[in-house]
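This is what each chain is made of:
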Amino acid sequence: MIEPSAAGTHIWWLGQSGFLIAHEGRHLVVDPYLSDSLTAKYEGTETPHIRMHPRVVAPEELRFVDAVLSTHGHTDHLDGETLRAIGAPVVAPAGIVELARERSGGKVTAISEGESVEVGGFRVEAVPAVHHGGHCVGFVIDAGPRRLYHSGDTSWIDPGIRGVDVAFLPINGKLGNLDGPEAARLAQTVDAALAVPCHYDMFEFNTASPDAFAAECERLGRAYRVLRLGERLTLD
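Predicted, not measured: the structure shown is a model, and the values here were computed from it.

S.K.: When you look at the overall build of the protein chain in this model, what are you seeing that I'm missing?
M.R.: If you tally the helices and strands in the protein chain, you get five helices and 13 strands. For 236 residues, the compact-globule estimate of 2.2 N^0.38 gives 18 Å, and the protein chain sits close to it at 16 Å. Intrachain contacts of the protein chain at a sequence separation of at least 6 include 54% that bridge at least 24 residues. With an accessible surface of roughly 9,400 Å², the protein chain has 48% of that area assigned to carbon and sulfur atoms. Between the mean site of the 20 positive side-chain charges and the mean site of the 32 negative ones, the protein chain shows a separation of 3 Å.

S.K.: Would you mind going over the packing of helix α4 (residues 180-189) against helix α5 (residues 211-220) with me for this structure?
M.R.: Packing of α4 against α5 leaves a shortest axis separation of 7 Å and a crossing angle of 35°. Here the hand of the crossing between α4 and α5 comes out right-handed. Contact residues: α4 offers G180, P181, A183, A184, R185 and Q188, while α5 offers A212, F213, E216, C217 and L220. The class makeup of the residues in the contact of α4 with α5 is seven nonpolar, two polar and two charged.

S.K.: I tried to follow unusual backbone geometry on my own but got confused; where do I start?
M.R.: Among all residues save glycine, negative phi is the norm, and among peptide bonds the norm is trans. Within the chain, E24 stands out as a residue other than glycine whose phi angle is a positive 50°. Mapped onto the elements, E24 comes out in the loop between β2 (18-23) and β3 (26-30). One non-glycine residue, H199, adopts positive backbone phi at about 60°.

S.K.: So what exactly am I meant to see when it comes to the layout of surface pockets here?
M.R.: Within this model, the largest pocket holds a volume of roughly 300 Å³. H49, H74, T75, D76 and L175 are the residues nearest the centre of the largest pocket, which is lined by 20 residues in total. Looking at the lining of the largest pocket residue by residue, the class counts come to five nonpolar, 11 polar and four charged.

S.K.: What should I look at first to understand the environment of A195 in this one?
M.R.: Within the fold, A195 resides in strand β12 (residues 192-198). Note: C-alpha distance between A195 and R185 (10 residues apart in sequence) is 10.0 Å. A195 has contacts with A167, A187, F213, C217, A223, Y224 and R225, leaving out every residue within four places of it along the chain.

S.K.: What am I meant to see in α5 here?
M.R.: In an α-helix, one turn spans 3.6 residues; hence positions three or four apart end up facing the same way. For α5, the complete set of buried residues consists of F213, A214, E216 and C217. Mapping the buried residues of α5 onto a view down its axis gives an arc of 165°, with all of them on the same face. Of the exposed residues in α5, the ones pointing more than 90 degrees away from its buried face are D211, E218 and R219. Against the buried residues of α5 lie α4 and β12. With its phi angle positive at about 70°, G221 sits one or two positions after the end of α5.

S.K.: Even after reading the chapter, I still don't get empty space enclosed by the protein, so can you show me in this structure?
M.R.: Over the atoms, a rolled probe matching the size of one water molecule traces out where space is still vacant. Throughout the structure, instances matching the rule amount to one cavity of 30 Å³ or more. Lining the largest cavity, in full, are L14, G15, R51, H53, P54, R55, V56, D201, M202 and L229. In the lining of the largest cavity, the residues fall into five nonpolar, two polar and three charged.

S.K.: I keep staring at the pairing of strand β9 (residues 137-143) and nothing clicks. Help me out?
M.R.: As a general feature of sheets, a regular strand has side chains that alternate between the two faces. Burial analysis of β9 places seven of its seven residues in the buried class, the great majority of the element. Of the two faces of β9, the one lined by V137, F139, I141 and A143 and the one lined by G138, V140 and D142 are each fully buried. With six bridges joining them, strand β8 (residues 122-128) and β9 adopt antiparallel strand pairing. Bridge pairing links A126 to F139 in β9.

Rules and cut-offs
- Residues numbered from 1 in each chain as written.
- Predicted model: local features only at pLDDT ≥ 70, side-chain atom pairs only at ≥ 80, totals over all residues.
- Heavy atoms only, no water.
- Helix = DSSP H or I, 4+ residues; strand = E, 2+ residues; numbered from the N terminus.
- Rg over C-alpha atoms; globule rule 2.2 N^0.38 Å.
- Contact = heavy atoms within 4.5 Å.
- Areas by Shrake-Rupley, 256 points an atom, 1.4 Å probe, with all protein chains shown as cover.
- Lys, Arg positive; Asp, Glu negative; His and termini not counted.
- Charge placed at Lys NZ, Arg CZ, Asp CG, Glu CD.
- Axes fitted to C-alpha atoms, helices over the stretch in contact; angles between N-to-C directions.
- Left-handed = near helix turned anticlockwise from the far one by under 90°.
- Nonpolar A, V, L, I, M, F, W, Y, C, P; charged D, E, K, R; others polar.
- 1 Å grid on protein atoms, 1.4 Å probe; cavity = no way out; pocket = protein on both sides within 12 Å on 5 of 7 lines; lining within 4 Å.
- Points joined across faces, edges and corners; volume = space filled by probe spheres on them.
- Buried < 20%, exposed > 50% of the residue type's maximum accessible area, 1.4 Å probe, protein only.
- Arc of directions from axis to C-beta.
- Pairing = 2+ DSSP bridges.

Written as structure tokens, this is what we have:
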């Protein structure tokens with residue numbers, strides 16, 4: 001069950017690249033896609049966005065969230081239906097601020113690579129990512145003593161950070177994203193204590209198995225965790 005958490009540091013995988021992060025009663029969501037807007041948009045086209053699983057939570061059930069981070073402007077990372085239902089302030093890359101305001105209908109704070117903001121009880125720094133359109137960033141999120149890295153959609157890049165508690169990395173290997181072995185090697189590069197794969201098992205046309213990611217992590221001696229949809233990860 002996904003619900004507010006009063007103590008500790010907890011992370012839930014919401015599907016695709018979406019994660020809910022809770023720390024000592026404060027809550028942050030990164031890249032939530034919790035609607036069927038893309039299924040409706042692409043119905044009857046050459047790339048139907050057919051969901052592989054039901055959404056794990058209705059977005060209106062996340063109205064306790066303090067802030068939302070969006071890594072870039074693609075709808076599975078910046079979904080208007082989801083953002084309006086959650087109703088929290090948004091932090092987005094400077095290049096898509098107007099788009100984020102249009103979709104969310106609320107307050108949006110711009111952030112650029114190398115900048116940091118304090119939002120919802122978390123410190124958030126934007127770090128480099130490489131994705132088509134040139135409007136994607138990664139985020140380093142400080143949740144108390146915990147340091148979390150969400151790469152956003154990206155091909156290979158060294159974001160210039162070292163020593164994170166958890167790295168969330170795409171493994172679909174399509175549309176300009178890392179594949180599983182590349183994601184494992186990026187986790188090694190940033191010296192992640194734990195690597196968590198994402199950006200798969202959402203749409204039938206754009207998914208991958210986490211097996212190659214897991215195998216490369218094991219070869220590198222890098223700890224990893226493959227979460228189930230809606231599963232909670234607690235950081236002790």
